[in-house]
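Descriptive analysis of the structure
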Amino acid sequence: MSVKRVVMMTGLSAGLVGALALSGTAHAGELNRGALLSAQCETCHGTDGTGAAPMPSINGMDVADMVDVMKAFASKEEKSTMMYRHAQGYSDEELKAVAEYLKGK
Amino acid sequence: MNIHDMNRRDFIKLLGATGAVSTLTACGLPTAAMAKAGGRVVVVGGGFGGATCASYLKRWGPDLNVTLVEKEAKYVTCPFSNKVIAGDMSIAEITHSYDGLKARGINVINGEVTGVDAAAKKVSLKGGQALSADALVLSPGISFEYGRVENDDKVAESMPHAWHAGPQTVLLRKQLEAMADGGVVLIVPPRKPFRCPPGPYERASLIAHYLKANKPKSRIVIVDSNPSHSKQKAFHAAWAHLYGLGEGKMIQWVSGDQGGPVVKIDPSTMTVEKEFGDKFKGDVINFIPHQKASALVMSAGLTNKDGWCDVDQGTFESKVAKSVYVLGDSCVAGAMPKSGHSANSQAKNCAAAIVAKMAGQSQPTPSYANTCYSLISPDFGISVAAVYQLKEGAIKKVSGGVTPPHPGENDRFYKNEAKYAKGWYKGITSDMFG
């Protein structure tokens, strides 16, 4: 759980949240292409990609490893029930943006 | 709470948030990556579109003042409500609170919106409150379009629709429990387009699962007004595999091409009648009325001639009202079906558009996805999924498809789909409400 979320849950002020976020997460409020693409993954894999069993966690992975497995899902070299249908919809550049964003989660 | 109190409190919140931004900037975080969006956003409707949008607005624009207005104190999901109807889950298990969103700093108001002034970006609440916003997000779902089928406005108790999850779900469950073995269940889907295109057919599946175990002489007839339906090959192959499909079998599908659309229902005789006179008698009848965008957006003047809302499909801003956004079932979203997952996906693009606009940044390129599992039994699932992109102003499918219709050859596949359906539910509800 991020520092930001702990602070939000304990009800501290927005000012404190901002100050504490400096030492906790650099992602609070971050919005870019990787964040928006990853948000599509997070629907099933949980916010920040932390997993929703049996959906596995997808955060913190090595960038090259994630791009490799997604491309293998797309080619069906890696067997899946669902992931090939999603993986085929993204370019290499988009997969890299997702992997780079979720690596920091 | 009156509106003056609310404004003062919100203003203080905004001051606090502004202070936080200054601190961050002064300490040298990469400001280009920080959305310094300020302003007030009011989101109407706390379902798959609205709850997700409120959450991601706050996530990407921590300085935004976000208010979510929802009529119900707790939200009962339509997804997985067919499991409640089949007796496989309790209504409590698909009921969610807004505490998680409150903890994220979202001002959640349990109230009913009675009017929308789109030009002024202002909503009126029952009891006289009014909320003004810099951006207004409407995710109010569907309303029933009565008058398309004779008597369709008189049967909510005798032929429960169960198309808004909650008391209707429980009522349909009770009627199925009370039905004798050997009874006939009629499911009457609405004409397309409607919320959750595979929903009536998943419902037939899970009711069949209940009947097979408890009342095996009973039958289900789907009296359809449509000539085809969602995931048709996969559903029919799975029905034939698990329950029997066809006249006299546990599940019979009567296409809209057979006798035309349904034109009349009669609660006194418990019959459903098609255009060319074919009549079907049921012991339990699930009549799902025709649908259009919520009456709220219709009365606000935001709907087109077909009863749905035209939006910019990249931002979800209404085509007829600036800074008013319409999400989910009420809007026209290109190739995306009217599903909870679609609404969740649209909400994230809408949140990104609003945060970027208010921060004076450019909106990231939109990206959309849909995943829709249907359970044929609690241990046997099928699905449809797609990824979409914005092309020439319209949402177009770029990948995806339906589960291959070959049950019996690789049942492990279908078992895994059922397991992942549960994961999907856990994931999306935590994404919305967590």
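Heads up: these notes are all about the structure in this document. The shown structure was predicted, so the numbers you read here are calculated from the model rather than taken from an experiment.

1. Comments concerning the nonpolar core
Residue and element names in this part refer to chain B.
- In terms of nonpolar packing, the biggest core is built from 139 residues, with Leu 57, Trp 60, Ile 220 and Leu 302 touching the most fellow members.
- In terms of residue count, the dominant contributor to this core is helix α10 (residues 411-433) (9 residues).
- Mapping this core onto the domain boundaries places at least three of its residues in each of domain 1 (3-144 + 291-433) and domain 2 (167-287).
- Excluding its chain neighbours within four sequence positions, the residues that come into contact with Leu 302 are Ala 118, Leu 138, Val 297, Trp 308, Cys 309, Asp 310, Ser 318, Val 320, Ala 321, Val 324 and Val 326.
- Formed by 16 residues, the second largest nonpolar core is a distinct cluster that contains Val 149, Val 223, Ile 285 and Phe 287.

2. Concerning the pattern of salt bridges
- Tallied over the full model, the rule gives 17 salt bridges over all chains.
- Here Glu 417 of chain B ties to Arg 85 of chain A by a salt bridge, and the two come within 3.4 Å at their closest N and O atoms. Remark: Arg 85 of chain A occurs in helix α5 (residues 83-87) and Glu 417 of chain B occurs in helix α10; the pair is interchain, linking two chains. An identical accessibility class is assigned to Glu 417 of chain B and Arg 85 of chain A; each is buried.
- The network of salt bridges with shared partners includes Glu 42, Asp 48 and Lys 105 of chain A together with Arg 59 of chain B.

3. So, the pairing of strand β6 (residues 113-117) of chain B
Residue and element names in this part refer to chain B.
- Pairing analysis gives 4 bridges linking β6 to strand β7 (residues 122-125), with the strands arranged antiparallel. Each residue of the ladder has a partner; that of Val 113, found in β7, is Leu 125.
- Joining the antiparallel neighbours β6 and β7 is a turn of 4 residues, in which Lys 121 adopts a positive phi near 50 degrees.

4. Digging into helix α4 (residues 63-75) of chain A
Residues and elements named next belong to chain A.
- With 13 residues, α4 extends 19 Å from end C-alpha to end C-alpha; this agrees with the ideal 18 Å at 1.5 Å per step.
- Listed in full, the buried residues belonging to α4 are Val 63, Met 66, Val 67, Met 70, Ala 72 and Phe 73.
- Here the buried face of α4 lies against α5 and α6 (92-103).
- Measuring from the backbone nitrogen of Ala 64 back to the side-chain oxygen at the start of α4 gives 3.1 Å, which picks out Asp 62 as the cap.
- Of the residues trailing α4, Lys 76 is marked for its positive phi of about 70 degrees.

5. Quick notes on the interface of chain B and chain A
- Of the residues lining the interface, 58 residues belong to chain B; the matching set on chain A comes to 40 residues.
- For the interface between chain B and chain A, the tally reads 3 salt bridges.
- Counting the contacts that link chain B with chain A gives 19 residue pairs in polar contact (both at pLDDT 80 or more).
- Those elements that place two or more of their residues in the side of chain B that touches chain A are α1 (3-26), α2 (48-60), α9 (340-359), β22 (368-377), β23 (380-391), β24 (394-402) and α10 of chain B.
- With 12 residues, α10 of chain B is the single largest residue contributor to the side of chain B that touches chain A.
- Tallied by class, residues from the side of chain B that touches chain A come to 31 nonpolar, 20 polar and 7 charged.

6. Details of the packing of aromatic side chains
All names here are of chain B.
- In the structure shown here, the tally under the stated rule is 11 aromatic pairs over all chains.
- Arranged with centres 6.1 Å apart and planes meeting at 55 degrees, the rings of Tyr 201 and Phe 235 form a pair that is tilted. Pair noted here: Tyr 201 is in helix α6 (residues 199-214) and Phe 235 is in helix α7 (residues 232-242), with a separation of 34 residues, a long-range link. Here Tyr 201 and Phe 235 have matching classes, each one buried.
- Joined through ring pairs, the aromatic side chains of Phe 48, Tyr 75, Tyr 98 and Phe 433 make up one cluster.
- Here Arg 173 stacks its cationic end above the ring of Tyr 210, 4.3 Å away from the centre of that ring.

Reading guide: rules and limits
- Residues numbered from 1 in each chain as written.
- Chains lettered and ligands numbered in written order.
- Predicted model: local features only at pLDDT ≥ 70, side-chain atom pairs only at ≥ 80, totals over all residues.
- Heavy atoms only, no water.
- Core = buried A, V, L, I, M, F, W, Y, C linked by side-chain atoms within 4.5 Å.
- Buried < 20%, exposed > 50% of the residue type's maximum accessible area, 1.4 Å probe, protein only.
- Helix = DSSP H or I, 4+ residues; strand = E, 2+ residues; numbered from the N terminus.
- Domains from an automatic or database assignment.
- Contact = heavy atoms within 4.5 Å.
- Salt bridge = Lys/Arg side-chain N within 4 Å of Asp/Glu carboxyl O.
- Pairing = 2+ DSSP bridges.
- Expected span 1.5 Å × (residues − 1).
- Polar contact = N/O pair within 3.5 Å; in protein donor to acceptor, adjacent residues only side chain to side chain.
- Nonpolar A, V, L, I, M, F, W, Y, C, P; charged D, E, K, R; others polar.
- Phe/Tyr/Trp six-rings, centres within 6.5 Å; stacked < 30°, edge-to-face > 60°.
- Lys NZ or Arg CZ within 6 Å of the ring centre and 35° of its normal.

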